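Listed below, chain by chain, are the residues.
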Amino acid sequence: MISIAIDGPAGAGKSTIAKAVAKQLEYIYVDTGALYRSIALNAINSGTNTDNEAEINELLNNTKVEIKFINGEQRVFLNSQDVSDKIRTTEVSMMASKVSAIATVRDFLLELQRGLARENNVIMDGRDIGTVVLPQAQVKIFLTASAQCRAKRRYKDYLAAGNTQESYEQILADIQQRDYNDSHRAVAPLKPAEDSVVVDTSDDTLEQSVEKIIAVVNSKIK
Ligand code: DC
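What comes next concerns the included structure. (Residues numbered from 1 in each chain as written. Predicted model: local features only at pLDDT ≥ 70, side-chain atom pairs only at ≥ 80, totals over all residues. Heavy atoms only, no water.)

**With respect to the pattern of salt bridges**
Side chains that differ in sign of charge can pair as their charged atoms come close. Filter applied, for reference: Between Lys or Arg on one side and Asp or Glu on the other, a salt bridge is scored when a side-chain nitrogen of the former is within 4 Å of a carboxyl oxygen of the latter. Every helix listed is a DSSP run of H or I at least four residues long, and every strand listed is a run of E at least two residues long, numbered separately from the N terminus. Categorising residues by exposure relies on relative accessible area from a 1.4 Å probe, with only protein chains included: less than 20% of the type maximum marks a residue as buried, more than 50% marks it as exposed, and the intermediate range marks it as partly exposed.
Enumeration over the complete set of coordinates arrives at eleven salt bridges. The closest approach of N and O atoms between Arg-127 and Asp-182, which form a salt bridge, is 3.3 Å. Here Arg-127 is found in the loop between β6 (122-126) and α6 (129-133), whereas its partner Asp-182 is found in helix α8 (residues 168-184), with 55 residues between them in sequence. Assessed through its relative accessible area of 4%, Asp-182 is described here as buried. Connected through salt bridges with shared partners, the residues Glu-73, Arg-75, Asp-82 and Asp-85 form a single ionic network.

So this is what it looks like as structure tokens:
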């Protein structure tokens, strides 16, 4: 099986680009952030104090996360309920950033991610795919863009979806906070794998970014 790992900060375009590449290559696209988000949603719903180890263990004992592919699209199930849409809020994003810093939470999700890569050709996006989850991946890409650029894109997406509640400044501040959390945590911090190719998408259109990634993949997989 072939694995392509795409890591990078929030809002670099990983999911949009990885989806497009997966379609071209006929691979399965796995969004691992959705797994952390599902646990975060469960933590919010259950009122778990995430600073308390016993409460985290209790939370994980009561959490079943599954991924299913419906019409080729990933859906994530929390305790048998499809939560794919519910996990896309700012509150869940912030909580996901928090719970993903906890080692037991990361261990809890590790085998699920590795199992998917054992059974399918995958393009998997996250923060530690090339460094921890799939260190043997044939292709590793670290996708990045400036924080301002990422905030601008997200702001445009929100406006297009009719969400006018969040200002550009607020989105930028959230992105900077998450970048800090994700790259400064002790366990599996966000950083490029030594053998990754760093791709900066700041000045690219989506099509240009997809082309760049396909070129990297073609150079690595003969
Ligand atoms: O990619 P995303 O925004 O959906 O990720 C949500 C949070 O989960 C993000 O703050 C970092 C964390 N995450 C992680 O630690 N490791 C991954 N492989 C994927 C996401």
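The structure having been displayed, the exposition proceeds.
**Points about the environment of Met-94**
Counted only if it meets this: In this description, contact between two residues means that some pair of their heavy atoms is separated by no more than 4.5 Å.
Tracing the chain through its elements places Met-94 in helix α4 (residues 90-99). Here the alpha-carbon distance between Met-94 and Asn-181, two residues 87 residues apart in the chain, equals 9.7 Å. Excluding residues that lie within four positions of it along the chain, Met-94 makes contacts with Asp-174 and Arg-178.

**Some remarks on the packing of aromatic side chains**
Each pair of aromatic rings is reported with the distance of its centres and the angle of its planes. Note the threshold: Note on ring pairs: Phe, Tyr and Trp rings are taken, using the six-membered ring of Trp, and paired if centres are within 6.5 Å. Classes follow the plane angle, with under 30 degrees stacked, over 60 edge-to-face and the rest tilted.
Counting across every chain of the model gives one aromatic pair. A ring pair is formed by Tyr-155 and Tyr-168, whose centres lie 6.3 Å apart and whose planes are at 70°; its orientation type is edge-to-face. Here Tyr-155 is found in helix α7 (residues 147-160), whereas its partner Tyr-168 is found in helix α8, with 13 residues between them in sequence. Relative accessible area serves as the criterion here: at 28%, Tyr-155 is assigned to the partly exposed category.

**Focus: the nonpolar core**
For clarity, the threshold we go by: Only buried residues count toward a nonpolar core, which is a set of Ala, Val, Leu, Ile, Met, Phe, Trp, Tyr and Cys residues joined through side-chain atoms within 4.5 Å.
Ile-39, Val-76, Ile-87, Val-105, Met-124 and Leu-134 are the most contacted members of the largest nonpolar core, which totals 34 residues. Elements with a contribution of two residues or more to this core: α2 (33-46), α3 (53-61), β3 (65-70), β4 (73-78), α4, α5 (103-119), β6 and α6. In terms of residues, this core owes the most to one element, α2, which gives seven residues. Leaving out residues up to four positions away in the same chain, Val-105 has contacts with Tyr-36, Ile-39, Ile-56, Leu-60 and Val-99. With 18 residues, the next largest nonpolar core counts Ala-18, Val-21, Tyr-29 and Ile-141 among its residues.

**A short note on the site of the ligand**
Condition: The criterion for a residue being near a molecule or strand is simple. One of its heavy atoms has to lie within 4 Å of it. Residues adjacent in sequence count toward polar contacts only when both atoms are side-chain atoms; beyond that, a polar contact is any pair of N or O atoms within 3.5 Å, and within protein one must be able to donate a hydrogen and the other to accept it. To measure how exposed things are, a 1.4 Å probe is used in the Shrake-Rupley method; for residues, cover is taken only from the protein chains shown. Basically, the charged four are Asp, Glu, Lys and Arg, the nonpolar ten are Ala, Val, Leu, Ile, Met, Phe, Trp, Tyr, Cys and Pro, and anything else, Gly included, counts as polar.
Neighbouring the ligand are 15 residues, the closest being Thr-32, Arg-37, Arg-106, Arg-127 and Arg-185. Take Thr-32: an N or O atom from its side chain is 3.0 Å from a nitrogen atom of the ligand. Here Arg-106 contributes a side-chain N or O atom positioned 2.8 Å from an oxygen atom of the ligand. Considering the ligand on its own, with 450 Å² of exposed area, one finds that the protein chains cover 96% of that surface. Of all the elements in the fold, those that place two or more residues in the shell around the ligand are α2, α4 and α8. With three residues, the top contributor of residues to the shell around the ligand is α2. Looking at side-chain class alone, the shell around the ligand contains three nonpolar, five polar and seven charged residues.

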